[in-house]
Amino acid sequence: MSETNPEIGKRAELRSGYGANYLEAGDKSKPCVILLHGSGPGVTGYANWRLLLPELQNDFYVLAPDVVGFGYTDHPDNFEYNMDNWLAFVCDFMDAVGVSKAHFVGNSFGGALSLAMAARHPERVERFVMMGAAGIHFEITEGLRLVWGYKPSVEAMAGLMSVFAYNQNLVSDAIIESRYHASIRPGYQEAYEKLFPEPMQEKLNGLCIPEDEIRLINHEALVVHGREDVIVPMENSIKAHRLLKNSELHTFGECGHWTQVEKPRAFADLVRNFLMRV
């Protein structure tokens, strides 16, 4: 982790020819957990997982990459941002850091990737956690439109952060400033606008796994959602729970899309207990 910027960690050189930024915590001799972040502007592995990393590092080897298209991972020219290529990124990243199989914890967009990894690369997944996750079809919400349609300004970022959190006291000036400055790094907004352009519903549908495929997943899954989430509706996780044969569902009241920030200790305990269960 950089002394001047905690969002910059180690760099993995992928076979695709570009580099991935990732954070690392814990002992390599322990089971690996890969944390996959969401899709908000200015997001990084650090921004999503800074509170969970220290909670898991004593029991696991924890990796939090910036998924290609986000953060400090390279943004390759002419890269097509779609589910197939994001899954290839995850597999290439695992190969680059020497991990053959891992538990996954995915937030929102990262939850969709975790679900897709279990469906399409089952040999690389142990258990997985979906939190406020996409990956199951739903009609795009106004909250998600605001996220994907972000145009850089401090005011716009402040408005977005207030949509993420039910508890508005968590929307600090420091968080707003950090995410805003991340979103105006040279080339970042241009790359961000390529991720989920209009028609946004079509891009959202592209993150979905067909229900028949989901029913075939045998992995143990934990599905987590904030009841007051206005970005991905709680009903999405209820549907995922019904489709995933070996799943558990946990919902938090007075909680929005930021479960890992709004309920950090309870969420960490939930995840740790689920992943460590014998």
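One can find the structure itself at the top, above this paragraph.
Since this is a predicted model, take the numbers as computed values, not measurements.

Draft legend 1. Broad picture of the overall build of the protein chain. Broken down by element type, the protein chain carries 13 helices and eight strands. Over its C-alpha trace the protein chain gives a radius of gyration of 17 Å, about what one expects of a compact globule, namely 19 Å for 278 residues. For the C-alpha atoms alone, the extent of the protein chain along its principal axes is close to 45 × 40 × 35 Å. Within the protein chain, the fraction of its 278 residues that count as buried is 55%.

Draft legend 2. Region of interest: the environment of serine 153. Here serine 153 lies in the loop between α5 (142–148) and α6 (154–164). Residue classification places serine 153 among the partly exposed residues on the basis of a relative accessible area of 21%. For the pair serine 153 and alanine 20, spaced 133 residues apart in sequence, the C-alpha separation works out to 27 Å.

Draft legend 3. Region of interest: the state of the cysteines. In total, this model carries zero disulfides according to the counting rule given. Just so you know, cysteine 91 is unpaired, no disulfide at all, and the nearest cysteine sulfur is the one on cysteine 32, 13 Å from it.

Draft legend 4. Structural view of the pairing of strand β7 (residues 221–226). The buried count for β7 comes to six of six residues, which makes it a mostly enclosed element. Of the two faces of β7, the one carrying Ala221, Val223 and His225 and the one carrying Leu222, Val224 and Gly226 are both buried. Relative to strand β8 (residues 247–252), β7 runs parallel, the two sharing six bridges. Within β8, the residue paired with valine 223 across the bridge is leucine 249. Crossover β7 to β8 through helix α11 (residues 234–243) is right-handed.

Draft legend 5. View of the nonpolar core. Formed by 75 residues in total, the largest nonpolar core has its most connected members in Phe70, Trp86, Phe104, Phe128, Trp148 and Leu244. Once residues lying within four places of it in the same chain are set aside, the contact partners of tryptophan 86 are Val67, Val68, Phe70, Tyr81, Phe109, Leu113, Leu195, Phe196 and Leu207. In terms of nonpolar packing, the next biggest core, distinct from the first, is built from 24 residues, Ala25, Trp49, Leu53 and Ala64 among them.

Draft legend 6. Inspection of the packing of aromatic side chains at higher detail. Considering all chains together, one arrives at 12 aromatic pairs under this definition. Ring centres of tryptophan 148 and phenylalanine 196 lie 3.9 Å apart, and the angle between their planes is 5 degrees; this geometry places the pair in the stacked category. With tryptophan 148 in helix α5 and phenylalanine 196 in the loop between α8 (188–195) and α9 (200–205), this pair connects stretches of sequence that are 48 residues apart. The buried category is assigned to tryptophan 148, whose relative accessible area is 6%.

Draft legend 7. Focus on unusual backbone geometry. For the peptide bond that leads from glutamate 198 to proline 199, omega is -5 degrees, which places it in the cis range. With respect to the helices and strands, proline 199 occurs in the loop between α8 and α9. One non-glycine residue, serine 108, lies in the positive phi region at around 60 degrees. Residue position: serine 108 is located in the loop between β5 (102–107) and α4 (109–120). A relative accessible area of 8% places serine 108 in the buried class. A positive phi angle is found at glutamate 254, which is not glycine, with a value near 50 degrees. Summarising the element assignment, glutamate 254 is placed in the loop between β8 and α12 (259–262).

Draft legend 8. Region of interest: the packing of α6 against helix α7 (residues 173–183). The contact between α6 and α7 brings their axes to 9 Å, and the two run at 120 degrees. In terms of axis orientation, α6 runs oblique to α7. Viewed along their axes, α6 and α7 form a crossing whose handedness is right-handed. Only Ile175, Ile176, Glu177, Arg179, Tyr180 and Ser183 of α7 make contact with α6, whose side of the interface consists of Val154, Met157, Ala158 and Met161.

Draft legend 9. Region of interest: the sheet that holds β7. The strand order across the open sheet formed by eight strands is β1-β2-β4-β3-β5-β6-β7-β8, and the pairing between neighbours is mixed. Each edge of the open sheet carries a strand with a single partner, namely β1 (10–13) and β8. On average, adjacent strands in this sheet sit at an angle of 25 degrees to one another, irrespective of strand direction. The sheet contacts of α11 involve β6 (125–131), β7 and β8, and relative to β7 the element is tilted by about 165 degrees.

Draft legend 10. Spatial organisation of helix α3 (residues 83–96). In this model α3 runs 20 Å from its N-terminal to its C-terminal C-alpha over 14 residues, within 8% of the 20 Å that 1.5 Å per residue would give. Burial in α3 covers these residues: Met83, Trp86, Leu87, Phe89, Val90, Cys91, Asp92, Phe93 and Met94. Its side-chain oxygen at 3.3 Å from the backbone nitrogen of aspartate 84, asparagine 82 defines the N-terminal cap of α3.

Conventions and cut-offs
Residues numbered from 1 in each chain as written. Predicted model: local features only at pLDDT ≥ 70, side-chain atom pairs only at ≥ 80, totals over all residues. Heavy atoms only, no water. Helix = DSSP H or I, 4+ residues; strand = E, 2+ residues; numbered from the N terminus. Rg over C-alpha atoms; globule rule 2.2 N^0.38 Å. Buried < 20%, exposed > 50% of the residue type's maximum accessible area, 1.4 Å probe, protein only. Disulfide = S-S within 2.5 Å. Pairing = 2+ DSSP bridges. Right-handed = clockwise from strand over helix to strand, strands pointing away. Core = buried A, V, L, I, M, F, W, Y, C linked by side-chain atoms within 4.5 Å. Contact = heavy atoms within 4.5 Å. Phe/Tyr/Trp six-rings, centres within 6.5 Å; stacked < 30°, edge-to-face > 60°. Axes fitted to C-alpha atoms, helices over the stretch in contact; angles between N-to-C directions. Parallel < 35°, antiparallel > 145°, perpendicular 65-115°, else oblique. Left-handed = near helix turned anticlockwise from the far one by under 90°. Expected span 1.5 Å × (residues − 1). Polar contact = N/O pair within 3.5 Å; in protein donor to acceptor, adjacent residues only side chain to side chain.

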